Amino acid sequence: MAGAGPLGRICGGSTLGTPAPLGLQKVAWNGRQVGETVRIRIEDMAERELKRKSPEGAARTEESTSDTGAVPAQNEAGEKIKAELDDLLDEIDEVLEENAEEFVRSYVQKGGE
Amino acid sequence: MAIAKICGIETEYGIHRSNPGDNPVTSASLLINAYIAGLKRAQWDFQDETPGNDARGFVAGAGTPPEIDVHLVNAVLSNGARYYVDHAHPEMSTPECASPLELVLYDKAGEEIVRRSLALANSYYPGEGQLSVHKNNSDGKGNSYGCHENYLMDRNTPFARIAQQVTAHFVTRIIYTGAGKVGEEVRSGGEAANFQLSQRAEFFEEEIGLETTLKRPIVNTRDEPHADPRRFRRLHVIVGDANLSEVATFLKVGTTALVLALIEEGRLDGAGLLLENPVQALHQVSRDIGLARTVELVDGRYLRPIDIQWELYRFAREYADDGGLEVLGDEDAGKDLLRRWESCLAVLEEDPMQLANVLDWVAKLQAVEGYMQRHGLDWQDPKLKAIDLQYHDIDPAKSLYTRLRMERLVDSEAVAVAVACPPASTRAYFRGMCLTRFPENVASANWDSIVFDLGEGPLRKVPMTDPLKGTALHTENLIGQASSVEDLIERLGA
């Protein structure tokens, strides 16, 4: 019953008929995303990275973008980005399929649409 | 006057099975069946489908049946989506959404459903050739498959005006909507591209047309509104990439919805944002990762793609000041969209690499370039294509996208809800809730009707020709209070 599980619990049964049974608009965008300016900047990325590494920050990394607190210096941010990229490249090395090149060769699709 | 920009996305996923020689149609069926086997589901109803109708006023291939194989797996889900095998791909069509942010949520819910399907299918057939599924648009060997957007438009807006005025947006939006691609698949003469902004751009050969699989046009003329044809048209957009980035999807859908509203309002009349050679420009923009090369306009100007985006942004900003964000269904999301559009253009102008945690093509480019430097590789190294492909793998154990810690707009809990429940803001609500509440009695469904089987007597068809009717506001109490499906039909007066 994949996918059917949550149906009865969330959409159906006793919750029907009560106000906004899905609560979609309320839960979907977890507050901060809508209506706030997002500064897509180096500082944000660095700050996000800090939060990601702290246990509290891990669950709500998005919040960092709405902060207006201290802004790290450019070169410090640059260092952090470098470190982040290094972590990422380590991960790519880890997860890149062992037979990646063979997989790419055998990956043939029919056209669609 | 612009009308509400109800929107949806259809995504064809790439599918691969490790047994060589396996039929992709079988693989796609296996994937989808693994998911829907346990669901009480309704069949898709093809009766009203007319993909051969051309918005320019004629019917292609009149007398021949539409290109749909009705024997393949085809289900409508409780969240209002359609999940089916199309050609040789699993395809997910989101339910109709009223705002671009809601559509981001349902696009991600669609991904999650495919992800669950994959886990189930591979657990059912361990060792027999595992499936892998990619949310991408080409196999790197010249075969492309689509990610189509759909926007509700006012029938009174002349199609020629839409086609003429939207093209510059389709060509230039790829600076933030592109999913990125290592190399090229279609030789166009000149220097070979190492990296392109868009997966799809190089497959487009025409400015306008009905085709989707060959001689692909930038503006597709399919005239199949899935709604009252006297009031509505549905602009079927085939020129976009499938995005994993939530921000890219949000911008793709939101900016396009706004540009279409500007066209309906006549606000782009005389703006002069018309390209001299749109197809060539699309190819050129995709290959210019420096975002510096200009394209020629009909009035003789030469502008960078970002200049054209800035002009469109200013029109949209002015429209928003006049109350235009109403068409996006959610004013807060509309305001956020404008701010993101502006800041995205500003950062792209300054240094695109700052968007490596935001946009797909930048994320992919950063990963590929970093990998090249670390291992001393050149652009021809096949490992780079492997990184490109694996970026799109939807299996969380393999996906590179999920490792890039991209900015998110919707949280996982909301996505889990959207896997099962329809959006409250369109007729998808009625479709999804009827399937949830009366799964045994829904004989079939499609975008603009539901057919009920009451057990005895004739089947009862409930038309839903207005996408804005059948919302939670209209039907929540009705469905909640109905004691049985017969009672529901009676209350509907159907």
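Definitions and limits used
- Residues numbered from 1 in each chain as written.
- Chains lettered and ligands numbered in written order.
- Predicted model: local features only at pLDDT ≥ 70, side-chain atom pairs only at ≥ 80, totals over all residues.
- Heavy atoms only, no water.
- Helix = DSSP H or I, 4+ residues; strand = E, 2+ residues; numbered from the N terminus.
- Buried < 20%, exposed > 50% of the residue type's maximum accessible area, 1.4 Å probe, protein only.
- Areas by Shrake-Rupley, 256 points an atom, 1.4 Å probe, with all protein chains shown as cover.
- Domains from an automatic or database assignment.
- Contact = heavy atoms within 4.5 Å.
- Salt bridge = Lys/Arg side-chain N within 4 Å of Asp/Glu carboxyl O.
- Axes fitted to C-alpha atoms, helices over the stretch in contact; angles between N-to-C directions.
- Left-handed = near helix turned anticlockwise from the far one by under 90°.
- Nonpolar A, V, L, I, M, F, W, Y, C, P; charged D, E, K, R; others polar.
- Expected span 1.5 Å × (residues − 1).
- Phe/Tyr/Trp six-rings, centres within 6.5 Å; stacked < 30°, edge-to-face > 60°.
- Lys NZ or Arg CZ within 6 Å of the ring centre and 35° of its normal.
- 1 Å grid on protein atoms, 1.4 Å probe; cavity = no way out; pocket = protein on both sides within 12 Å on 5 of 7 lines; lining within 4 Å.
- Points joined across faces, edges and corners; volume = space filled by probe spheres on them.
- Lys, Arg positive; Asp, Glu negative; His and termini not counted.
- Polar contact = N/O pair within 3.5 Å; in protein donor to acceptor, adjacent residues only side chain to side chain.
- pLDDT = per-residue confidence, 0-100.

Undergrad: Describe in detail the overall build of chain A, supporting the description with residues and values.
TA: In terms of regular secondary structure, chain A is built from six helices and zero strands. Listed by position from the N terminus, the elements making up chain A come as α-α-α-α-α-α. Burial status across chain A gives 42% buried among its 113 residues. Accessible surface for chain A amounts to roughly 6000 Å². Of this, 54% is attributable to carbon and sulfur atoms.

Undergrad: So what's going on with the domain arrangement of chain B? Which residues, and what values?
TA: Residue and element names in this part refer to chain B. As assigned here, chain B comprises domain 1 (7-413) and domain 2 (424-493). With 25 residues of domain 1 in contact, the opposing surface of domain 2 contributes 24 residues. In this structure, the connection of domain 1 to domain 2 is made through three salt bridges. With a shortest N-O distance of 2.7 Å, glutamate 96 and arginine 431 are connected by a salt bridge.

Undergrad: Now, about the packing of helix 3 (residues 159-172) of chain B against helix 5 (residues 246-265) of chain B: what can you tell me, with residues and values included?
TA: A pair of packed helices is captured by two measures, namely the crossing angle of their axes and the spacing between those axes. Residues and elements named next belong to chain B. Viewed as axis vectors pointing N to C, helix 3 and helix 5 meet at an angle of 145°, and their least axial separation amounts to 10 Å. The way helix 3 lies across helix 5 gives a crossing that is right-handed. In this structure, helix 3 uses Arg161, Ile162, Gln165, Val166, His169 and Phe170 to contact helix 5, whose residues at the interface are Thr255, Thr256, Val259, Leu260, Ile263 and Glu264. Here the contact of helix 3 with helix 5 is composed, by residue class, of six nonpolar, four polar and two charged.

Undergrad: Report on the packing of helix 9 (residues 360-375) of chain B against helix 10 (residues 382-391) of chain B, specifying residues and quantitative values.
TA: Residue and element names in this part refer to chain B. It is the contact of helix 9 with helix 10, at a shortest axis distance of 10 Å, that shows an interaxial angle of 150°. In this structure, helix 9 meets helix 10 at a crossing whose hand is right-handed. The residues of helix 10 that touch helix 9, namely those facing Asp360, Ala363, Lys364, Val368, Tyr371 and Met372, are Lys383, Leu384, Ile387, Asp388 and Tyr391. The residue inventory of the contact of helix 9 with helix 10, partitioned by class, reads seven nonpolar, no polar and four charged.

Undergrad: Quick one: what's the story with unusual backbone geometry, residue by residue and with numbers?
TA: Residues and elements named next belong to chain B. Of note, the phi angle at histidine 87 is positive, near 50°, even though the residue is not glycine. Among the structural elements, histidine 87 can be located in the loop between strand 7 (82-86) and strand 8 (89-93). Among the residues examined, histidine 87 registers a relative accessible area of 30% and is labelled partly exposed. If you check the backbone angles, leucine 291 has positive phi at about 55° while not being a glycine. Mapped onto the elements, leucine 291 comes out in the loop between helix 6 (278-287) and strand 16 (295-296).

Undergrad: Summarise helix 2 (residues 100-124) of chain B; cite the residues concerned and give the values.
TA: An ideal rise of 1.5 Å per residue puts 36 Å on 25 residues; helix 2 of chain B measures up with 36 Å between its terminal C-alpha atoms. Within helix 2 of chain B, 19 of the 25 residues are buried, which leaves the element mostly enclosed by the surrounding structure.

Undergrad: Describe the packing of aromatic side chains, naming the residues involved and giving the relevant values.
TA: Residues and elements named next belong to chain B. Scanning all chains against the criterion turns up six aromatic pairs over all chains. Seen from their ring centres, tyrosine 35 and tyrosine 83 are 6.1 Å apart, and the 75° between their planes marks the pair as edge-to-face. Here tyrosine 35 is found in helix 1 (residues 24-36), whereas its partner tyrosine 83 is found in strand 7, with 48 residues between them in sequence. Classification of tyrosine 83 as buried rests on a relative accessible area of 0%. Aromatic rings pair up to connect Trp310, Tyr313 and Trp341 into one cluster. Here arginine 82 stacks its cationic end above the ring of tyrosine 84, 3.9 Å away from the centre of that ring.

Undergrad: For empty space enclosed by the protein, give the residues involved together with the corresponding values.
TA: Tallied over the entire structure, the rule returns four cavities of 30 Å³ or more. Secondary-structure elements contributing two or more residues to the lining of the largest cavity are helix 5 (74-95) of chain A together with helix 9 of chain B. Counting residues per element, the lining of the largest cavity draws most heavily on helix 5 of chain A, at three residues.

Undergrad: Describe the side chain of Arg233(B), with residues and values.
TA: All names here are of chain B. In this structure, arginine 233 sits in strand 15 (residues 232-237). No salt bridge forms around the buried arginine 233; measuring N to O, its nearest opposite-charge neighbour aspartate 223 is 4.4 Å away. At a separation of 3.5 Å, a polar atom in the side chain of arginine 233 contacts the main-chain carbonyl oxygen of threonine 157.

Undergrad: Before we move on, could you go through the confidence of the model for chain A and cite the residues and values that matter?
TA: Residues and elements named next belong to chain A. Scored by pLDDT, chain A has a mean of 52; 35% of the residues are at 70 or more. For chain A, per-element mean pLDDT is lowest for helix 2 (residues 24-28), which scores 28, and highest for helix 6 (residues 100-106), which scores 89. Segment residues 1-10 is flagged for pLDDT under 50; beyond a separation of four residues in sequence, or across chains, it makes 21 contacts in the model. Confidence drops under a pLDDT of 50 for residues 12-72, and excluding neighbours within four residues, the segment shows 129 contacts in the predicted structure.

Undergrad: Describe in detail the environment of Gly112(A), supporting the description with residues and values.
TA: Examined against the element boundaries, Gly112(A) turns out to sit in the segment after helix 6. A relative accessible area of 1% places Gly112(A) in the buried class.

Undergrad: Before we move on, can you summarise the pattern of salt bridges with the specific residues and values?
TA: Residue and element names in this part refer to chain B. Under the criterion given, the structure shown has 38 salt bridges over all chains. Residue glutamate 111 pairs with lysine 135 through a salt bridge whose shortest N-O separation is 2.8 Å. Taken together, the residues glutamate 111 in helix 2 and lysine 135 in the loop between strand 9 (131-134) and strand 10 (147-154) connect sequence positions 24 residues apart. Of the two residues, glutamate 111 and lysine 135, neither departs from the other in class, the shared state being buried. The partner of arginine 231 in a salt bridge is aspartate 466, with the nearest N and O atoms 3.4 Å apart. Separated by 235 residues along the polypeptide, arginine 231 in the loop between strand 14 (216-220) and strand 15 and aspartate 466 in the loop between strand 20 (460-463) and helix 13 (472-481) bring together distant segments of the chain. A relative accessible area of 42% places arginine 231 in the partly exposed class. In this structure aspartate 466 comes out as buried when scored by relative accessible area, which is 12%. One connected set of salt bridges, linked through shared partners, spans Asp107, Lys108, Glu111, Glu112, Arg115, Arg116 and Lys135.

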